[in-house]
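One-letter residues, chain by chain:
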Amino acid sequence: MSPRAGHPGPPSRTLAFVESPVQLLNVLEWARAHGLRGREPDVVRGTGAGPDAGPVTGAAPVPDPDRPAGTDRLAAPEPLPSVPAQVRRSVAGGPARAGADLTVVVLSPTDPMTRGQLRRMADLARDEGYRVRWEEARGGATAPFATIGGLAGLLRRADRVVMGDPFSRYVQLLLTITRARDLVVVDDGTATMEFVAQLARGERLVRWHRKGGRPGPRDLLFAPVSSSARRRLTPGGRRRVEVFSSMPVTEVPDGVTVTANDFAWTRARFGPPRITKGADMVGTSLVETGVVDGERYLDAVRTLAKAHGATRYFAHRRESTEKLHRLATETGLEIVRPDLPLELIARRGPIGRTILSFPSTVVHTLPLALAGTGVRVAVCDIDPTWLTDHASPRAQGFLSGVTGTARDVHRLARVSPA
C-alpha cells in the first residue's frame, strides 16, 4: 500500500494539515479537548515493551521506505538510550470507522529525523481511531501539483480546517482552496506567539527569525498567496478562527478565540514517568537556523552541563549530525535522538529531576506535560554575544520574551562560557 493511500469512506468534516511531529501532537490534544472521537482502541503491547510484551496486532505490516529492509511500519523501532518502548494501542477491527470526525493530512518533509517522528506520531493518531493521509508533498518537482490536486476535493467539502503552521507556504496555498468557515491554528511552538501578534497588527506573515530582512524573489512571488491566507485567517462574517495554544498569547485579534492547551491527552496517554536523580538537557536548533553561533553554543552547553551535572542531551530533530557528534565528543553528554516529541518522551520516562533548556517551546510545554511529577524545568537565556551577524534584529527580544513569559520554570543566570 502506498503511504498516501487511505481507507475508503466518506470524507471527514475536519481536515488537519501537519508538517512536524509537534504539530500532529497538538492536533491530537485539540481533538481531545473538542471531543472529536475515533474508534475505541483495544490496548495491546508493542514488541520491546517489557517481559509481558506481545506482538502488535490489529493491522497488516506496511512497507516503509524510510526504514531498513526487513522491517515494517508496525515493528517496534530500535530502542533509544534510556528511553523505553511505548505501549501501543491498535484499533480493534482495523481502520477508523467510516465518517470519523477527523482526517490528518501529513505534508511530509524531507528531513529523515522529522519523517521518522512523524511516522510514529501518525501511528498514534491511527491508534486513536483517526484517519491519516500521508502525502509525499516534497517528493520531486511535480509532487506539489499532485498533492494539491489530490486534496482539492477534500478541502472544498471540509467544514473545518486545522493547521499547525500558518507560515507554511504549502498551508497558505491550501487555504486559498478551502471553503471552510472554521479555521483552527494549533501550536507549532514559539512561532504561534509571533503569528497571533502579526495577525493582530495586520502585518505580513513571516517567521520571527527572518523578520527584519528584505523579502527575497520567492517572497515577492508568493506575496499574493500569503496576503490571501492572512485575510482568510482574519475572522469576519461567518468565518471563525481559533488558536489552540499552550503559549502565552497577549495580543489577541478581534474575533479570534484562544483555547488553552493543557496537554490533557499526553498526561492521560503516557506516564507518570520514573524520575531519576540527575539532570537532562534539551537541545535547540538555533544554530541551524543561523541565530546562534555554533562555537558559542558548544561552550554554553559544556558549561551548563558541568554546572548542573547533566548526563543526557535530548537533541532537537533539526540539529545536525556534525554538531551532535562534537557535543558528544567534547562534553561527554549522551546524545539521545528521540523518536517522538519531547513532551511524550519525558512523560514516558525515565527523565531527570531537572530539565535544562535554552529558550524554546519546551519551557512552556514540559511543565504542563509533567504537571504533578516534581520535575523542575530550568531555562538559560541566550546571551546577546552568542547571536550571529545574520540573526534577525528581533531575535534577542523574542527569545527573552519566550523565557520571560514561561510559567512554572526556574530561570537560570546567564552562562558565561570559559
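Coordinates for the structure precede this section.
A short tour of the structure in this document, coming up. Note that the structure is a prediction, hence the values are computed from the model and not measured.

A tally of regular secondary structure across the chain gives 12 helices and 15 strands. Within the chain, buried positions represent 53% of all 418 residues. A separation of at least 24 residues holds for 73% of the contacts in the chain among residues at least 6 apart in sequence. Element-wise, carbon and sulfur atoms account for 53% of the exposed surface of the chain, whose accessible area totals about 18,000 Å².

Bringing unusual backbone geometry into the picture now. Backbone geometry follows two general trends: most residues other than glycine have a negative phi, and most peptide bonds adopt the trans configuration. Residue G271 is joined to P272 through a cis peptide bond whose omega torsion reads 5 degrees. Along the polypeptide, P272 turns up in the loop between α7 (264–269) and β10 (275–282). Between G349 and P350 the backbone carries a cis peptide bond, its omega angle lying at 0 degrees. Position of P350 relative to the elements: it lies in the loop between α10 (342–348) and β13 (351–357). A positive phi is found at F263, a non-glycine position, where the angle reads about 60 degrees. Within the element layout of this structure, F263 appears in the loop between β9 (256–260) and α7.

Aromatic rings in a pair are described by how distant their centres are and how their planes are angled relative to each other. What the rule picks out here adds up to three aromatic pairs. Aromatic pair W265 and F270: ring centres 6.1 Å apart, planes at 80 degrees, arrangement edge-to-face. The pair formed by W265 and F270 is uniform in burial state, with each residue classed as buried. With 5.3 Å between their ring centres and 50 degrees between their planes, Y297 and F358 make a pair best called tilted. One end of the pair, Y297, is in helix α8 (residues 294–308); the other, F358, is in the loop between β13 and α11 (362–369), and 61 residues separate them in sequence. Each of the two residues, Y297 as well as F358, counts as buried. Taken together, the ring pairs connect Y297, F358 and W386 into an aromatic cluster.

Turning our attention to helix α9 (residues 321–331). Of all the residues in α9, the buried ones are K323, L324 and L327. In an axial view of α9, the angular spread of the buried residues amounts to 100 degrees, which keeps them on one side of the axis. Exposed and facing more than 90 degrees away from the buried side of α9 are T321, E322, H325 and T329. Contacts from the buried residues of α9 go to α8, β11 (310–314) and β12 (334–336). Looking one or two places after α9, you find G332, whose phi comes out positive at around 80 degrees.

Here helix α1 (residues 21–33) crosses helix α2 (residues 112–127) at 15 degrees, and the two axes come no closer than 8 Å. What the angle tells us is that α1 and α2 run roughly parallel. Here α1 and α2 pass one another in a crossing that is left-handed. On the side of α1, the interface is formed by P21, L24, L25 and L28, while α2 contributes T114, Q117, L118, M121, A122 and A125. A breakdown of the residues in the contact of α1 with α2 according to their chemical character gives eight nonpolar, two polar and no charged.

What follows concerns the side chain of Q117. Within the secondary structure layout, Q117 lies in helix α2. For Q117, a relative accessible area of 6% corresponds to the buried category. Setting aside its immediate chain neighbours within four residues, Q117 contacts P21, R317, P338, D339, L340 and P341.

With respect to the secondary-structure elements, S360 resides in the loop between β13 and α11. Note on S360: relative accessible area 15%, which makes it buried. Residues S360 and L286, spaced 74 residues apart in sequence, show a C-alpha to C-alpha distance of 9.3 Å.

Rules used in this analysis
Residues numbered from 1 in each chain as written. Predicted model: local features only at pLDDT ≥ 70, side-chain atom pairs only at ≥ 80, totals over all residues. Heavy atoms only, no water. Helix = DSSP H or I, 4+ residues; strand = E, 2+ residues; numbered from the N terminus. Buried < 20%, exposed > 50% of the residue type's maximum accessible area, 1.4 Å probe, protein only. Contact = heavy atoms within 4.5 Å. Areas by Shrake-Rupley, 256 points an atom, 1.4 Å probe, with all protein chains shown as cover. Phe/Tyr/Trp six-rings, centres within 6.5 Å; stacked < 30°, edge-to-face > 60°. Arc of directions from axis to C-beta. Axes fitted to C-alpha atoms, helices over the stretch in contact; angles between N-to-C directions. Parallel < 35°, antiparallel > 145°, perpendicular 65-115°, else oblique. Left-handed = near helix turned anticlockwise from the far one by under 90°. Nonpolar A, V, L, I, M, F, W, Y, C, P; charged D, E, K, R; others polar.

Interpretation in functional terms is not warranted from these geometric data alone.
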